[in-house]
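Reading the structure
In case you want the letters, here they are:
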Amino acid sequence: MHLAYLLALFCGIIFTAHSAFATIEAADNGNIPLLAKTASKAGTGLTLEKVIATALTQSPRLQGVQKSTNAARSARDQAGAWPNPEIGVGAENFAGSGPYGSFTSAELNYGVSQQLPITGKLDARKAIAEAGVSRATLDEEAARLDVIRDTTIAFMAVVAAEESVYLATEQKELAADVLQSVSRRVGAAAAPLIQRSRSEVEYATAILALDKASRERDISRHALAAIIGQDVFEASLAKEVFYEIEKPAPLANLRPDDPLIDRLRQDSTLAQARARIELEQANALPDPRVSVGVREFQATDDRALLVSLAMPIPIFDLNGGNIEKARQEALRTELDNKQASRDRTAEVSRAHARLMRSFVEVNTLKNSILPSATQAFRLSREGYTAGRFPYLEVLDAQRSLFLARQQKIDALREFHTAKAELTRLIAKAPAKPSQSGEHHAE
């Protein structure tokens, strides 16, 4: 009877190992390594396109940039306005002595004066404001592309975190089954006590890994909610796109002939800086002031026309300091643009390298490492069943298999992150920049 009991325990452990292997092997035969019991069904949940559309509609950052564009347009409307005319009223020759002692001898003057901006100031202000509108419009389009990039990265981060939770859950359940089986063997004196200790450590480690994965999932969901303008994000996500990758194009093919939107933003900033030079040069020449009025003589009840022209003489203030300041700022803007272009080229190279590296890593894991790890787990299970290996060999093979599956999830997330960043870096300027309130998801 004792022999029959031990045989039953041994068969139970074999069945547990076989079931664990079957679950893992079945999960890794497909492209989507989800836990069969707990994973969400493929095809359900919000797609990436829908989440991006929500972000473009609700993002506070994008709405704020749109207000800046409206402000730039208002500044352009104001830039062409003339100075307001001035109305003046005055009285002379009264409250004095002799014949000028009463108000009847007073002379009343009233008229209108107008400063004439004929020295190019209005044109320079208009040029500055027009460049500001161009920059603000391009900034709005760039912010839209930034939201698409950040939403894509956050979306993939949530999917990756959820897949890690599924994987950690599976690992915890398998560790619990192993601990239960090993405990029965140790209790029957069929296995040394150290095997149960190792199984307990493995189970505790699996619990910690699941807790960490769950926290990372919550953090990633909060990050996605913040990007799309929501307080919380609890909807399920469609995960097919996470596993859809394609070989990146060569770096040489990523040099677009059309100007990049970031390059046009730099050009508009430089145009605005150069227009400020013209404004300061125009400010060196004062504007004339013309006055037209009427003088009324109280003593005779007569009236006379008054006309005057005033022109400041530019002797002491030639605005030289402001002109030189504007020139230096324009030179700095030009140099900053050159450095930004070089930095962007380097960022494109780095993002492309990350994209290629993660693509190779995903394919290596899928086609080589994961099959080998699966086979190693199978062989260790068969060796344990035949009594050639201790169960620790099975645990090590199991750990290696789960590690490879987690590496695949991480590599897929890295691929999509690098792809989103690279797409943003080489984004071309639209034929006609989007107007406020007219945004659509790509």
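This text goes with the structure placed above it.
About the thresholds
Residues numbered from 1 in each chain as written. Predicted model: local features only at pLDDT ≥ 70, side-chain atom pairs only at ≥ 80, totals over all residues. Heavy atoms only, no water. Helix = DSSP H or I, 4+ residues; strand = E, 2+ residues; numbered from the N terminus. Buried < 20%, exposed > 50% of the residue type's maximum accessible area, 1.4 Å probe, protein only. Areas by Shrake-Rupley, 256 points an atom, 1.4 Å probe, with all protein chains shown as cover. Pairing = 2+ DSSP bridges. Axes fitted to C-alpha atoms, helices over the stretch in contact; angles between N-to-C directions. Parallel < 35°, antiparallel > 145°, perpendicular 65-115°, else oblique. Left-handed = near helix turned anticlockwise from the far one by under 90°. Nonpolar A, V, L, I, M, F, W, Y, C, P; charged D, E, K, R; others polar. Contact = heavy atoms within 4.5 Å. 1 Å grid on protein atoms, 1.4 Å probe; cavity = no way out; pocket = protein on both sides within 12 Å on 5 of 7 lines; lining within 4 Å. Points joined across faces, edges and corners; volume = space filled by probe spheres on them. Expected span 1.5 Å × (residues − 1). Polar contact = N/O pair within 3.5 Å; in protein donor to acceptor, adjacent residues only side chain to side chain. Phe/Tyr/Trp six-rings, centres within 6.5 Å; stacked < 30°, edge-to-face > 60°.

1. Focus: the overall build of the protein
Scanning the protein from N- to C-terminus turns up eight helices and four strands. Put simply, the protein runs from its N terminus to its C terminus through helices and strands in the order α-α-α-β-β-α-α-α-β-β-α-α. The proportion of buried residues among the 442 residues of the protein is 38%. Total accessible area on the protein is roughly 24,100 Å²; 56% of this is exposed by carbon and sulfur atoms.

2. Topic: the sheet that holds strand S3 (residues 289–297)
Two strands in a sheet stick together by hydrogen bonds in their backbones, pointing the same way (parallel) or opposite ways (antiparallel). Read across the sheet, four strands follow the order S1-S2-S3-S4 without closing on themselves; strand pairing throughout is antiparallel. Sheet topology places strand S1 (86–92) and strand S4 (302–310) at the edges, where each strand pairs with a single neighbour. Pairs of neighbouring strands in the sheet enclose a mean axial angle of 20°, with direction left out of account. Both S3 and S4 contribute to a ladder of nine bridges, which runs antiparallel. Counted as the bridge partner of Val290 is Leu309 from S4.

3. Describing the packing of helix H4 (residues 121–187) against helix H6 (residues 261–283)
Remark: H4 packs on H6, axes separated minimally by 8 Å, with the N-to-C direction vectors making an angle of 160°. By the angle between their directions, the pair H4 and H6 is classed as roughly antiparallel. Handedness of the H4/H6 crossing: left-handed. For the contact of H4 with H6, a count of residues per class yields 13 nonpolar, six polar and eight charged.

4. Some remarks on the environment of Glu334
For Glu334, the position within the fold is in helix H7 (residues 320–385). Overall, the relative accessible area of 28% leaves Glu334 in the partly exposed class. For Glu334 and Ala273, which are 61 residues apart along the polypeptide, the C-alpha to C-alpha distance reads 9.1 Å. Discounting residues that sit within four places of it in the chain, Glu334 has contacts with Leu270 and Arg274.

5. Overview of the layout of surface pockets
Here the largest pocket is characterised by a volume of approximately 540 Å³. Every element with two or more residues in the lining of the largest pocket is listed here: H4, helix H5 (193–227) and helix H8 (391–425). No other element matches the nine residues that H5 contributes to the lining of the largest pocket. Taken together, the residues that form the lining of the largest pocket break down as 12 nonpolar, five polar and six charged. Of the volumes computed, that of the second largest pocket is approximately 450 Å³. As for the second largest pocket, its lining consists of 19 residues, and the residues nearest its centre are Leu48, Ile148, Thr152, Lys419 and Thr423. Those elements giving two or more residues to the lining of the second largest pocket turn out to be helix H2 (48–58), H4 and H8. Of the residues belonging to the lining of the second largest pocket, the class tally is nine nonpolar, three polar and seven charged.

6. Observations regarding H5
The end-to-end C-alpha separation of H5 is 52 Å, in line with the 51 Å expected for 35 residues at 1.5 Å each. Those residues of H5 that are buried lie in contact with H2, H4 and H8.

7. Some remarks on the side chain of Asp262
Mapped onto the fold, Asp262 is located in helix H6. In terms of polar contacts, Asp262 uses its side chain to reach the side chain of Arg424, at 3.1 Å. Residues in contact with Asp262, not counting those within four places in the same chain, are Arg344 and Arg424.

8. Quick word on the packing of aromatic side chains
This structure, assessed with the given rule, holds two aromatic pairs. Judged by centre distance (5.1 Å) and plane angle (90°), the ring pair of Phe242 and Tyr243 falls under edge-to-face. Note on Phe242: relative accessible area 0%, which makes it buried. Geometrically, the ring pair formed by Phe359 and Phe415 is tilted, given 6.3 Å between the ring centres and 40° between the ring planes. On the criterion of sequence distance, the pair formed by Phe359 in helix H7 and Phe415 in helix H8 is long-range, its members being 56 residues apart. Phe415 shares its class with Phe359; the two are buried.

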